[in-house]
Amino acid sequence: MALVLYNYDLDENCYKVRLALSMLKLEHETIAVNAFPGREQETPPFLALNPMGTLPILKDGEQTLFGAEAVLAHLARTHDPAGTWLPVEGEAFAAVMQWLFFASGDLSAAGRARANALFGPPGDETALRAAARRAIMAMEDVMVANGFRAREWFADERHTIADVALFPAFALSRDFGVDHDEFPALRKWARRFRAIPGFLTMPGIPDYH
Amino acid sequence: MSLAPGWHPVALSGSIDPGTSAGTHLDGREYVVWRDNSGVAHVWEDRCPHRGMKLSFGFVRGDHIACLYHGWQYDTAGRCRYIPAHPDLDVPATITVPVFATVETCGMIWTTTDAAPNRAAPPADPGEAMAVTTLYADIGPLAFLDAVRALPPQPFIPGDPEPQLSQIDGALWRLTAGGDVLLLGMQRLNDVRSALHVVIAGSASTYAGAGQSHVFAWTRALRHRLATVPAKSEATHAEAV
């Protein structure tokens, strides 16, 4: 059962999947897609895999998936025998779902703000940055509150795919002009996240050598 | 241009872990707040003298902070000690970052640009302090304090219900509500934005968890008020004084 990731290195949604593959220690093949400037993911061979023309795309044997959060859920459900990355019992399952949908919903403003800043697709820069900042502030509020009950992660007592889905938007926020100064709880969470075995950086996220 | 005289809070102590750094502002100027691995906090100008990169983007190694761009490392006195591109170089003593007096009291990190002879004592430490949060708003310090007066917290520990706000140092205010005592550190970030550092002067056995959550909920209500109720302008305040 070979895993194949269609990847663009500067895409934070591809980065979510690269993180999960590395943290779950999953062997896989990576196919580089010329997303910028080539927009190769919007050409017929890729539209056959994902009609929306977005990345990432993951093939797992006969199954093809698009959308980073769905890919994270699939990898955790099928390739994490311990079941800690996607807990299915108690409150944690719904909490993971909430943050996955948040990552692909409200927080997607961060991805669009960053794409607008780096690659120049049209967008209202001010509105995108404000929406991204609001979503990141919501994350900060939650992690401050979690701190009062000694919870270090978003959805459970330990890290889950929710943390993987949320990390890139915060770690890359300086790309679209949102500094880390006013988010101390997220700074601490990001530091813990960087210590998870298998953590990888990407361009824009420094590797403190 | 230098800062207003006196001590200014720049972060909650608990917001800066050993071995980490963060950027902040005072009166529009950029500062890096960092804590070395032995736990000592430092406040410096947030600028590497090499290429002007913010040191707050860098990383802490032991008792040095290193710039993200080219890895120039500075000791706790702000003197450059190591340049990776020239590993054998005895770095000239002239390569330094401006460093400022730094103390920790009341659960916050404080700095001042006052020269040592004229420097006032920092605010006295109240003993045990439980950090809550730092609240940011696009507003001046006086209007910020108006909002605190207009929306005081409900007490966590019952007591005299009449809240009282009193200034105990240039940038430090004591807010009593019922049996609670809060310490509020006011940081003027720039002309339009301020930060309020909120700490409970009380013990962990009383306030850890539920007490902190209670005061945090008040700061969220205060933020909502600041976002929805127009404030008097600072100019109006100045005329009133």
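Please read these numbers as outputs of a predicted model, since none were measured by experiment.

1. A closer look at the overall build of chain B
- Within chain B one finds four helices and 15 strands.
- For 241 residues, the compact-globule estimate of 2.2 N^0.38 gives 18 Å, and the C-alpha radius of gyration of chain B, at 19 Å, lies within 12% of that figure.
- With the C-alpha coordinates aligned to their principal axes, the bounding extent of chain B is approximately 65 × 45 × 35 Å.
- Scored against the burial criterion, the 241 residues of chain B give a buried share of 47%.
- By sequence separation, contacts in chain B at least 24 residues apart represent 53% of the contacts at least 6 residues apart.
- Carbon and sulfur atoms form 53% of the exposed surface of chain B, whose accessible area is close to 10,800 Å².
- Within chain B, one finds 17 positive and 23 negative side-chain charges whose respective centroids are separated by 5 Å.

2. With respect to helix H7 (residues 161–171) of chain A
All names here are of chain A.
- Among the eleven residues of H7, eleven are classified as buried, and the element is accordingly described as predominantly covered.
- Considered for burial, the residues of H7 that qualify are Ile-161, Ala-162, Asp-163, Val-164, Ala-165, Leu-166, Phe-167, Pro-168, Ala-169, Phe-170 and Ala-171.
- Contacts made by the buried residues of H7 are with helix H1 (12–23), helix H3 (68–79), helix H4 (92–104), helix H5 (108–119), helix H6 (125–147) and helix H8 (184–194).
- Taking the backbone nitrogen of Ala-162 as reference, a side-chain oxygen 3.0 Å away marks Thr-160 as the first, capping residue of H7.

3. Some words on the sheet that holds strand S12 (residues 164–169) of chain B
All names here are of chain B.
- Read across the open sheet, the five strands follow the order S11-S15-S14-S13-S12; overall the sheet is antiparallel. Two strands close off the open sheet at either side, each with one partner strand: strand S11 (129–137) and S12. The mean inter-strand angle of the sheet, taken between neighbouring strand axes irrespective of direction, is 25 degrees.
- As defined by bridge partners, S11 adjoins strand S15 (residues 194–201) across eight bridges and the pair is classed as antiparallel.

4. Thoughts on the domain arrangement of chain B
All names here are of chain B.
- Taken domain by domain, chain B comprises domain 1 (8–118) and domain 2 (129–240).
- Between domain 1 and domain 2, the C-alpha centre-to-centre distance is 28 Å.
- Facing the 13 residues of domain 1 at the interface are 18 residues of domain 2.
- Carbon and sulfur atoms supply 67% of the area buried between domain 1 and domain 2, which totals about 1,100 Å² over both sides.
- For the pair domain 1 and domain 2, the number of links is one salt bridge.
- Put simply, domain 1 and domain 2 have five residue pairs in polar contact (both at pLDDT 80 or more) between them.
- Considering every element that reaches the side of domain 1 that touches domain 2, the biggest residue donor is strand S1 (residues 8–12), with four residues.
- Among the residues making up the side of domain 1 that touches domain 2, the classes are represented as eight nonpolar, four polar and one charged.

5. Thoughts on the domain arrangement of chain A
Residue and element names in this part refer to chain A.
- For chain A, the assigned domains read domain 1 (3–79) and domain 2 (91–195).
- Averaged C-alpha coordinates put domain 1 and domain 2 at centres separated by 21 Å.
- Counting from both sides, the interface comprises 13 residues of domain 1 and, opposite them, 14 residues of domain 2.
- Taken over both partners, the interface formed by domain 1 and domain 2 buries close to 1,200 Å², and the fraction arising from carbon and sulfur atoms is 76%.
- For the pair domain 1 and domain 2, the number of links is one salt bridge.

6. What to know about the pairing of strand S3 (residues 57–60) of chain A
Residue and element names in this part refer to chain A.
- Judged from the four bridges that link them, strand S1 (residues 3–7) and S3 form a sheet pairing that is antiparallel. Bridge pairing in S3 links Tyr-6 to Ile-57.
- Of the pairings in the sheet, the one linking S3 to strand S4 (residues 63–66) comprises four bridges and is antiparallel in character. Within S4, the residue paired with Leu-58 across the bridge is Leu-65.
- In sequence, S3 turns back onto S4 through a hairpin of two residues, with Gly-61 there showing a positive phi of about 60 degrees.

7. With respect to the sheet that holds S1 of chain B
All names here are of chain B.
- The antiparallel open sheet is built from six strands, whose spatial order is S1-S10-S9-S4-S3-S2. If you trace the sheet from one side to the other, it starts and ends with S1 and strand S2 (20–26), each paired once. In this sheet, adjacent strand axes meet at a mean angle of 30 degrees when their direction is disregarded.
- As defined by bridge partners, strand S9 (residues 99–105) adjoins strand S10 (residues 108–112) across five bridges and the pair is classed as antiparallel. If you follow Glu-104 over to S10, its bridge partner there is Ile-109.

8. Some points on the side chain of Asp-141 of chain A
- Secondary-structure assignment places Asp-141 of chain A in helix H6.
- We classify Asp-141 of chain A as buried; its relative accessible area is 16%.
- In this view, Asp-141 of chain A contacts Phe-216, Arg-220 and Arg-223 of chain B; residues no more than four positions away in its chain are not counted.

9. Details of the interface of chain B and chain A
- Counting from both sides, the interface comprises 31 residues of chain B and, opposite them, 17 residues of chain A.
- Buried area between chain B and chain A, summed over both chains or domains, comes out near 1,900 Å², and the portion from carbon and sulfur atoms is 51%.
- Linking chain B to chain A there are six salt bridges.
- Between Asp-17 of chain B and Lys-188 of chain A there is a salt bridge whose closest N-O contact spans 3.1 Å.
- Remark: the boundary between chain B and chain A carries seven residue pairs in polar contact (both at pLDDT 80 or more).
- Every element with two or more residues in the side of chain B that touches chain A is listed here: S2, strand S5 (59–61), S11 and helix H3 (210–228) of chain B.
- In terms of residue class, the side of chain B that touches chain A is made up of eleven nonpolar, 14 polar and six charged.

Rules used throughout
- Residues numbered from 1 in each chain as written.
- Chains lettered and ligands numbered in written order.
- Predicted model: local features only at pLDDT ≥ 70, side-chain atom pairs only at ≥ 80, totals over all residues.
- Heavy atoms only, no water.
- Helix = DSSP H or I, 4+ residues; strand = E, 2+ residues; numbered from the N terminus.
- Rg over C-alpha atoms; globule rule 2.2 N^0.38 Å.
- Buried < 20%, exposed > 50% of the residue type's maximum accessible area, 1.4 Å probe, protein only.
- Contact = heavy atoms within 4.5 Å.
- Areas by Shrake-Rupley, 256 points an atom, 1.4 Å probe, with all protein chains shown as cover.
- Lys, Arg positive; Asp, Glu negative; His and termini not counted.
- Charge placed at Lys NZ, Arg CZ, Asp CG, Glu CD.
- Polar contact = N/O pair within 3.5 Å; in protein donor to acceptor, adjacent residues only side chain to side chain.
- Pairing = 2+ DSSP bridges.
- Axes fitted to C-alpha atoms, helices over the stretch in contact; angles between N-to-C directions.
- Domains from an automatic or database assignment.
- Buried area = accessible area lost by both parts, 1.4 Å probe.
- Salt bridge = Lys/Arg side-chain N within 4 Å of Asp/Glu carboxyl O.
- Nonpolar A, V, L, I, M, F, W, Y, C, P; charged D, E, K, R; others polar.

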